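Single-letter residue listing:
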Amino acid sequence: MRTPIQRFAPTALVWIFAGATLAFAPTACRTAPPVAPTPAPAAVTAPVVAPAPASDAPAAPTPRAELQEHRTWTFAAAAPTVTFDNQFPCARLNRCEEVAPHDYRITITPENEPINPSPWFAFRVRAEAPTDITVRFVIATKTARPRPRLSADGVTWTRATDAQWDGKQGAAECVLRMQAGPATTWVASNDILGNDRLTAWSDALAARTGATMETFGTSTGGRALRMFTFDASAPEDWVIVIGRQHPPEVSGSVGLMAFMDEVTGDSARATEFRAAFRVALVPVVNPDGVHEGQWRSTLGAIDPNRDWGPFTQPETVALRDAILAIRRRPGARIWLALDFHGTNKDILYTPLEDDRTSPPKFASAWVAAIQARFPDYEVENTSTHNATEWTFKRWAFETLGAPGITYELGSATPHDRIRKIVSGAADEAMRLLLAAKQ
Ligand SMILES: [Zn+2]
């Protein structure tokens, strides 16, 4: 049964079209969402009135996420000596102790609580000589037990086998049995795909396509917030693509990259699309959280995808203002706002059935098109997930009137499968947007 929805438009909006002016004030009534009646882009004669960014600056300092101590643990009581460390980007290992010879207990805690039970861990192990070790995980949530992945280089990963991993939900400890040796073994709850690789990928994409990069803000930790703009010669018809609001959601980044690779590719559809639409890409909304190996939050200890209303974090404030600046450009229209995430399965969170987006019913048409393209793959979607939370997709709908869609990819979905499905989904999105524009 659907939860009753309350809508609180975060600000007054005025949509101005040729011959008609529609004003929408903040409201607690879901019957009056700020939806434009599917305006033709050419009819836009004046920019939308956007809120003044300065007035929404945080009123008070927000708390800081609790940072882990970066160190190396050395256990030499039993030969050979074994070391653990968390001294690299995306690492998370809060405590490590030896409970018996070559038997270790590690503790994994989040940056703040309460928090969504989506644990992230990442650490390295070495031994002076090859030796079998036991690693007991104490994870500060009882409901999620991500199966570790192991890697010899931090790039190529293999999931722990059933023989290696005992990770029952609710168990106080989960146990990994592995061999350590002189060469480093990386252990993490998912492939490590951090800021460095996403920066390299997006810079290469920009170099290949001639996209421009703008630093639109700075995170709490002082990291640049980067937006790439593609196809500056196209009309002011925009698609917004963002990712990594949530640090552990590597599969979302795999999906985002597949989407952008398709959109910037050399297919006839992509070529036609890029002549008709511009794309604004923000590969990493929460670079501090990614770097610190956090479970969910910004460095300000706030879930950024619950901050698209309160706007307490510099990351969400800066991205909101950057998108509103696009929206204020003469003749600009935002047709689609996509936010890539990762969860326990592939699923799209779409606008409510009665949300009258512009273009109308894009989300349901897109879901149907993806399903038709991949008949052997079940496309899941729901429109009620987190409908009352301050998510990016809700903000995109309520403030921009655009279809705001959260595209979740399964954390255990093979990456080549993610790439195949999302590449097809990108092609269908381009087809539908081109058709809607005609
Ligand atoms: Zn997420």
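No experiment lies behind these values; they were computed from the predicted model shown. (Residues numbered from 1 in each chain as written. Predicted model: local features only at pLDDT ≥ 70, side-chain atom pairs only at ≥ 80, totals over all residues.)

**Some words on the overall build of the protein chain**
The secondary structure content of the protein chain amounts to 8 helices and 21 strands. Looking at the protein chain as a whole, 43% of its 438 residues qualify as buried. For the protein chain, restricting intrachain contacts to residue pairs at least 6 apart in sequence, the fraction spanning at least 24 positions comes to 75%. (Helix = DSSP H or I, 4+ residues; strand = E, 2+ residues; numbered from the N terminus. Buried ≥ 20, exposed ≤ 12 C-beta atoms within 10 Å, placed from the backbone. Contact = placed C-beta atoms within 7 Å.)

**A closer look at the sheet that holds strand β6 (residues 103-108)**
Spatial strand order, β5-β6-β8-β12-β11: 5 strands in an open sheet with mixed pairing. In this open sheet, the two edge strands, each paired with only one partner strand, are β5 (95-100) and β11 (165-166). With 6 bridges connecting them, β6 and strand β8 (residues 131-139) associate as parallel partners. When the bridges of β8 are listed, Asp103 appears paired with Thr134. (Pairing = 2+ DSSP bridges.)

**A short note on unusual backbone geometry**
Residue Pro80 follows Ala79 across a cis peptide bond; omega there is -5°. Structurally, Pro80 is set in the loop between β3 (72-75) and β4 (82-85). A cis amide bond links Ser358 with the next residue in sequence, Pro359, at an omega value of 10°. With respect to the helices and strands, Pro359 occurs in the loop between β19 (347-349) and α6 (362-373). Of note in this structure, Phe311 is not a glycine but carries a positive phi near 50°. Structurally, Phe311 can be placed in the loop between α4 (287-291) and α5 (314-327).

**So, the packing of helix α2 (residues 250-263) against helix α8 (residues 415-437)**
One can describe the packing of α2 onto α8 by two numbers: an axis separation of 8 Å at closest approach and a directional angle of 45°. Regarding the angle of α2 to α8, the classification is oblique. Here α2 runs over α8; the crossing is right-handed. Here Ser251, Val254, Gly255, Ala258, Phe259, Glu262 and Val263 of α2 lie close against α8, whose contacting residues are His415, Ile418, Arg419, Val422, Ser423, Ala426, Asp427 and Met430. Across the contact of α2 with α8, the residue classes tally to 8 nonpolar, 4 polar and 3 charged. (Axes fitted to C-alpha atoms, helices over the stretch in contact; angles between N-to-C directions. Parallel < 35°, antiparallel > 145°, perpendicular 65-115°, else oblique. Left-handed = near helix turned anticlockwise from the far one by under 90°. Nonpolar A, V, L, I, M, F, W, Y, C, P; charged D, E, K, R; others polar.)

**Thoughts on α5**
Compared with the 20 Å implied by 1.5 Å per residue over 14 residues, the 20 Å span of α5 between its first and last C-alpha is a close match. Buried residues in α5 make contact with β14 (212-218), β15 (224-230), β16 (237-243), β17 (278-282), β18 (333-343) and α7 (392-400). (Expected span 1.5 Å × (residues − 1).)

**Considering the sheet that holds strand β20 (residues 381-382)**
Neighbouring strands of a sheet are bound in pairs by backbone hydrogen bonds; such pairs are parallel or else antiparallel. Pairing is mixed in the open sheet, where 8 strands are placed in the order β14-β15-β17-β16-β18-β21-β19-β20. Each end of this open sheet is capped by a strand with a single partner; those strands are β14 and β20. The sheet contact formed by β16 and β17 spans 5 bridges and is parallel. Within β17, the position partnered with Val241 by the bridge is Leu281.

**A few points about the pairing of strand β12 (residues 174-180)**
In the case of a regular strand, side chains alternate between the two sheet surfaces. In terms of strand pairing, β8 meets β12 through 7 bridges, oriented antiparallel. Within β12, the position partnered with Phe137 by the bridge is Cys174. Examined bridge by bridge, β11 and β12 share 2 bridges and lie antiparallel to one another. For Trp165, the partnering residue across the bridge sits in β12 and is Leu176.

**Describing α8**
The end-to-end C-alpha separation of α8 is 32 Å, in line with the 33 Å expected for 23 residues at 1.5 Å each. Listing the buried residues of α8 in full gives Ile418, Ile421, Val422, Ala425, Ala426, Asp427, Glu428, Ala429 and Met430. Considering only its buried residues, α8 is in contact with α2, α3 (268-276), β18, α6 and β21 (404-410).

**Some thoughts on the confidence of the model for the protein chain**
On average, residues of the protein chain score 87 in pLDDT, and 86% of them reach the 70 mark or higher. Residue range residues 1-54 is modelled with pLDDT below 50. Its contacts to residues more than four positions away, or to other chains, number 82 contacts. (pLDDT = per-residue confidence, 0-100.)

**Description of the environment of Asp153**
Within the element layout of this structure, Asp153 appears in the loop between β9 (149-151) and β10 (158-159). C-beta crowding within 10 Å serves as the criterion here: with 10 such atoms nearby, Asp153 is assigned to the exposed category. Along the backbone, Asp153 and Ala183 are 30 residues apart, and their C-alpha atoms lie at a distance of 9.3 Å.

**Quick word on the environment of Thr184**
For Thr184, the location among the structural elements is in the loop between β12 and β13 (185-188). Each C-alpha atom of the pair Thr184 and Arg126 lies 5.2 Å from the other, and the pair is 58 residues apart in sequence. The contacts of Thr184, once residues within four sequence positions are left out, are Arg124 and Arg126.

**Points about the nonpolar core**
A general feature of soluble globular proteins is that nonpolar side chains tend to end up buried together. Ranked by internal contacts, the top residues of the largest apolar core, which has 89 residues, are Ile240, Val241 and Leu281. Element by element, the count of residues in this core is highest for α2, at 8 residues. Counting contributing residues, this core receives three or more from each of domain 1 (13-62 + 194-437) and domain 2 (72-188). When sequence neighbours within four positions are dropped, the list of residues in contact with Val241 reads Leu256, Phe259, Met260, Val279, Leu281 and Leu338. (Core = buried A, V, L, I, M, F, W, Y, C linked by C-beta atoms within 7 Å. Domains from an automatic or database assignment.)

**As for the environment of Glu378**
With respect to the helices and strands, the residue Glu378 is situated in the loop between α6 and β20. For the pair Glu378 and Ile347, spaced 31 residues apart in the sequence, the C-alpha separation amounts to 9.3 Å.

**Concerning the packing of α3 against α8**
Between α3 and α8, the least distance of the axes is 10 Å, while the angle of their chain directions is 45°. The angle between α3 and α8 places the two elements in the oblique class. For α3 against α8, the interelement crossing comes out left-handed. Of the residues in α8, those in contact with Arg269, Ala270, Glu272, Phe273 and Ala276 of α3 are Asp427, Met430, Arg431, Leu434 and Lys437. Partitioning the contact of α3 with α8 into residue classes produces 5 nonpolar, no polar and 5 charged.

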